[in-house]
Amino acid sequence: MAATDADALRQRLEALEKENHKLKRINAALIERVESRATPPDDAYAAFQYSVELAEQVRERTDALNQAMAELKASNHLLSEARLRAETAHQHLIDAIESISDAFVLFDADQRIVLFNSRFKQFWERSPARIAAGTKLDDIKRLAESTGLILEEHRGSDEQTLYQLYDGRWVQVSERRTRGGGLVILYTDITEVKNTESIRREQALAQKSSLLQRAIDNLSQGVAMVSAEGALELWNHRFLDLCGLAPIAAHSDFAEVMADSELPLLTPASTDGRGRPIQQLEQHLFDGRVLEIRTHPLPTGGFVNTFTDITERYQHAEALRQSERWIRLITDHVPALIAYLSADLVYEFTNKVYEEWYHWPRGAMLGRSLREAHSEEHCRRLHPYIERSLDGESVSFEVVETNFNGQERCMLRSYVPNRRPDGSVAGIFVLIRDITERRRTAEALHQAYQNLEQRVRERTAELTNLNSQLRREIDERTQAEARLREAKREAELANLSKTKFLAAVSHDLLQPLNAARLFTSAMLEQRDPSANAGLIRSLSNSLEDVENLLGTLVDISKLDAGVIKPEITAFAVGELLDTLAAEFSQVAVSEGLQLRFVPCTALVRSDTQLLARILRNLLTNAIRYTPKGQILLGCRRRRQSLSIEVWDTGIGIPEDKLQEIFQEFKRGDQQRPNQDRGLGLGLAIVDKIARMLGHRVRVASVPGKGSMFAIEVPLTRRVPVPRQVTEVPSAPSERLQGAKVWVVDNDAAICAGMRTLLEGWGCQVITALSEEDLARQVDNFHAEADLLLVDYHLDNDCNGVDVVESVNARRATPLPALMITANYSNELKQQMRELGHTLMHKPVRPMKLKTAMSHLLERGAPEAHG
């Protein structure tokens, strides 16, 4: 601003000096003109007048000159002040330029230096450049380029440029034009900024590299980046794991690294046998895994390989392919035309019937469009329905088509859209069925009824619907009444059963006990020992009746209480039937009957013990109610079940009694002479067990000719597991002669009775009341023995299992054990199976005991008895 005022004052001063010089010349010219003019005498007045005017003009000019001189003096004073201010402003400008931290230089319009600060001069101290006012900018640039002061130039914006100097410094040059055409340039040293920026950039790059490595390490894929020279630059742990490699060094040769792996080397240059490039391949490893290897070339050279474990995807694909094969197998045998069209009406699936109908080779329709596979007329007829299906509507319609034999058939076509999750249609399921025969039947029916009036049909339909509703209501009410009557009858029967149970037990138990008391008194009064044999047999029979009655009552009570739980297994029914036939053959012979048996090899699913109990009850009833003739035990196959049947030639059952005989305490009216009547619970037990097992019981009878009882058991194809516990045959063996048997029971009377019974069979018996008592008698269990009979419940919280374990623990060869108990629980049965002991329930029947002992001594294998 000061420089501008100084210029204006200087210009004004110059103008005043020119004006003053002009006035002086005018004044001199006027004076010279007056003095040189010759004035005539007679014109004196005019001359005087003229001189007055001239004097007035001189005075005016003199005043004007004085005023101009005054103004000039004032202007000179102002000019001096302006010059002083300009010099002050110029000094301030120089001080301001010197105070800035950047190098500053000002060029005029001719690109010559006008003004610069000391930092600009210092910038060029190390170069031969001469910096002074008037130096041109082009000379400075040429000198800088020729001396190598500037190594590299980086163009930024229009007004800024970066230069890298030979000593490592960085300078930012900012240029700006002045209004007068000059140029102002600032040189800023940004070396520290560049260094800080470089450090920050290197740190950011290192951080990005670390993040990249961590990201790659967390990938589920193996990744390996290879440089253009074939060196391994970047990899993750998954790559080493999938390739089975140990840790490797950086920049290792990729080919050498892959040579240590069982995976092949894949690069962008890899080709197959035909020279075609390979970008991906699947590798099956020895441990069953499947890897997918892909290679990706990089724009700057080198490549990236990815290794993906696709075992699960491969297995899913195999499962899908297997599923597709099954679907193909099923659809090929369905008597209907099945196909699938994409949204572009291209065949993606056709079954065998579809291709045969349109006379296409196997698989030839796949990938073809609808118009390629069929005629234009055919497509034109189907077009409206296809459009509706593509709009999301399920369409069914009938159309007449001609097959490859030239026959016209009526086809029912169904189009079902396949919707995506977003609701759009991805394709159409096509189902075509030949309904020619159905259509002909419908037409025939329509022809038969077309003459009937519409009102009659409507009325008939209304009456039919009304009758159907009435019948349904009547049926529902009848069923409800039947259920109520059945519930009432069951309640009454339950109360009656309890009453009969008490009456039957009180009478039937007292009868044999009373007879046993009479026989015992007769034996005490009998003096002739030879006459005691008949009394003893009678006494034995009475006690056996008591035993049978108690066993039956125990069974029926356990069934009613739900204690018995069936153990359903698969087994060969022949083993069970063989055992029963052998057991009841002797019973039948003793009653003067013949038992015939037809073997069977079928496999069934049931509970072996409960099924045996059903068949024993049926065989016992058959023998009891057959005075003479024979009993037949055999099987019949009925689709999915096996009917095990017992036939007899007995007295038969009246037809009105066929359901009543399964009730508790129901006994036949006629029986064989001298035959026990029983409690009438045998068939009731059969019915309860059959219901528990889910088996069906059938009965047929002709009075006076005989009866047939059958139990239907489900068949199975699964081979049964060999049983560890089986039924022992009832046939006794002479093996008991001389057998050494140890008996342990906490009841002295039972020990005495068992000794008497076994010695009667020829056994050498040692009885004991406890484990300690037995140890004293048999040399601490080291004496010779063949068999161990133990009661399960002993004194002092001991049981038979502990006794058997202690005895066999001290012997080189364990003894076979027969466990006797009144405990019918399934848990005890399972425990005996696991330990390999034979189980027999109380009351013990001598014949069954004899058979079990004989079997154990013969085979030495664990068995089970009910």
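Before reading further, recall that the structure is shown in the block above.
Residues numbered from 1 in each chain as written. Predicted model: local features only at pLDDT ≥ 70, side-chain atom pairs only at ≥ 80, totals over all residues. Heavy atoms only, no water.

### Re the overall build of the protein
Looking only at helices and strands, the protein features 22 helices and 28 strands. In the protein, which comprises 866 residues, the proportion classed as buried is 36%. Taking as baseline every contact in the protein between residues at least 6 positions apart, the subset at least 24 positions apart corresponds to 53%. Per element, the accessible surface of the protein, about 52400 Å² overall, is 52% carbon and sulfur. (Helix = DSSP H or I, 4+ residues; strand = E, 2+ residues; numbered from the N terminus. Buried < 20%, exposed > 50% of the residue type's maximum accessible area, 1.4 Å probe, protein only. Contact = heavy atoms within 4.5 Å. Areas by Shrake-Rupley, 256 points an atom, 1.4 Å probe, with all protein chains shown as cover.)

### Quick word on the pattern of salt bridges
All told, the structure shown has 24 salt bridges when counted by the stated rule. One salt bridge connects Asp272 with Arg276, and the closest N-O pair in it is separated by 3.1 Å. We classify Asp272 as partly exposed; its relative accessible area is 26%. Under the relative-accessibility criterion, Arg276 is labelled partly exposed at 46%. Arg616 is paired through a salt bridge with Glu583; the nearest N and O atoms lie 3.2 Å apart. (Salt bridge = Lys/Arg side-chain N within 4 Å of Asp/Glu carboxyl O.)

### Looking at the nonpolar core
Leu615 and Ile644 are the most contacted members of the largest nonpolar core, which totals 39 residues. Those elements that place two or more of their residues in this core are helix H15 (573–590), helix H16 (608–624), strand E20 (630–638), strand E21 (641–648), helix H17 (682–693) and strand E23 (706–714). Looking at this core element by element, the count peaks at 9 residues for H16. Ignoring anything within four residues of it in the chain, the contact list for Leu615 reads Leu576, Leu577, Leu580, Ile644 and Ile711. (Core = buried A, V, L, I, M, F, W, Y, C linked by side-chain atoms within 4.5 Å.)

### So, the side chain of Asp773
The residue Asp773 is located in helix H19 (residues 771–777) in this model. In terms of polar contacts, Asp773 uses its side chain to reach the backbone amide nitrogen of Leu769, at 3.1 Å. (Polar contact = N/O pair within 3.5 Å; in protein donor to acceptor, adjacent residues only side chain to side chain.)

### Some thoughts on the sheet that holds E21
The strands that make up a sheet are held in pairs by hydrogen bonds between backbone atoms, and each pair lies either parallel or antiparallel. In spatial order, the strands read E18-E20-E21-E23-E22; together these 5 strands make up an open sheet with mixed pairing. The open sheet has two edge strands, strand E18 (594–597) and strand E22 (696–702), and neither has a second partner. If you compare each strand with its neighbour and ignore which way they point, the axes differ by 20 degrees on average. (Pairing = 2+ DSSP bridges. Axes fitted to C-alpha atoms, helices over the stretch in contact; angles between N-to-C directions.)

### Regarding unusual backbone geometry
For residues besides glycine, phi is generally negative; the peptide bonds are generally trans as well. Here the phi dihedral of Arg639 falls at roughly 55 degrees; this positive angle occurs in a residue that is not glycine. Mapped onto the fold, Arg639 is located in the loop between E20 and E21. For Asn796, which is not glycine, the phi torsion reads 60 degrees and is therefore positive. With respect to the element layout, Asn796 can be found in the loop between strand E26 (787–791) and helix H20 (800–809). A relative accessible area of 72% places Asn796 in the exposed class.

### Considering the sheet that holds strand E7 (residues 222–226)
The strand order across the open sheet built from 5 strands is E8-E7-E11-E10-E9, with neighbouring strands paired in antiparallel fashion. Every other strand in the sheet has two partners, leaving strand E8 (232–235) and strand E9 (280–284) as the edge strands with one partner each. The average undirected angle you get between the axes of adjacent strands in this sheet is 20 degrees.

### Brief notes about the environment of Met692
Within the element layout of this structure, Met692 appears in helix H17. Taking relative accessible area as the criterion, Met692 reaches 26% and is therefore assigned partly exposed. Here the alpha-carbon distance between Met692 and Lys565, two residues 127 residues apart in the chain, equals 8.4 Å.

### So, a nonpolar patch on the surface
Together, Tyr45, Phe48 and Val52 line one region of the surface with nonpolar side chains, adding up to about 370 Å² of accessible area. Here Tyr45 shows up in helix H2 (residues 44–99). Residue classification places Tyr45 among the exposed positions, given a relative accessible area of 64%. (Patch = residues over 30% accessible without salt bridge, like charges linked within 9 Å, V, L, I, M, F, W, Y side chains within 5 Å.)

### Quick word on the environment of Asp110
Mapping Asp110 onto the fold places it in the loop between strand E1 (103–107) and strand E2 (113–116). Residues Asp110 and Gly182, spaced 72 residues apart in sequence, show a C-alpha to C-alpha distance of 7.4 Å.

### Some remarks on the packing of H16 against H17
It is the contact of H16 with H17, at a shortest axis distance of 9 Å, that shows an interaxial angle of 150 degrees. Considered as vectors, H16 and H17 are oriented roughly antiparallel to each other. Crossing hand, H16 versus H17: left-handed. In contact with Leu610, Leu611, Arg613, Ile614, Asn617, Leu618 and Asn621 of H16, H17 contributes Gly682, Leu683, Ile685, Val686, Ile689, Ala690, Met692 and Leu693. Of the residues in the contact of H16 with H17, the class split is 11 nonpolar, 3 polar and 1 charged. (Parallel < 35°, antiparallel > 145°, perpendicular 65-115°, else oblique. Left-handed = near helix turned anticlockwise from the far one by under 90°. Nonpolar A, V, L, I, M, F, W, Y, C, P; charged D, E, K, R; others polar.)

Worth remembering: the numbers are spatial, not functional.
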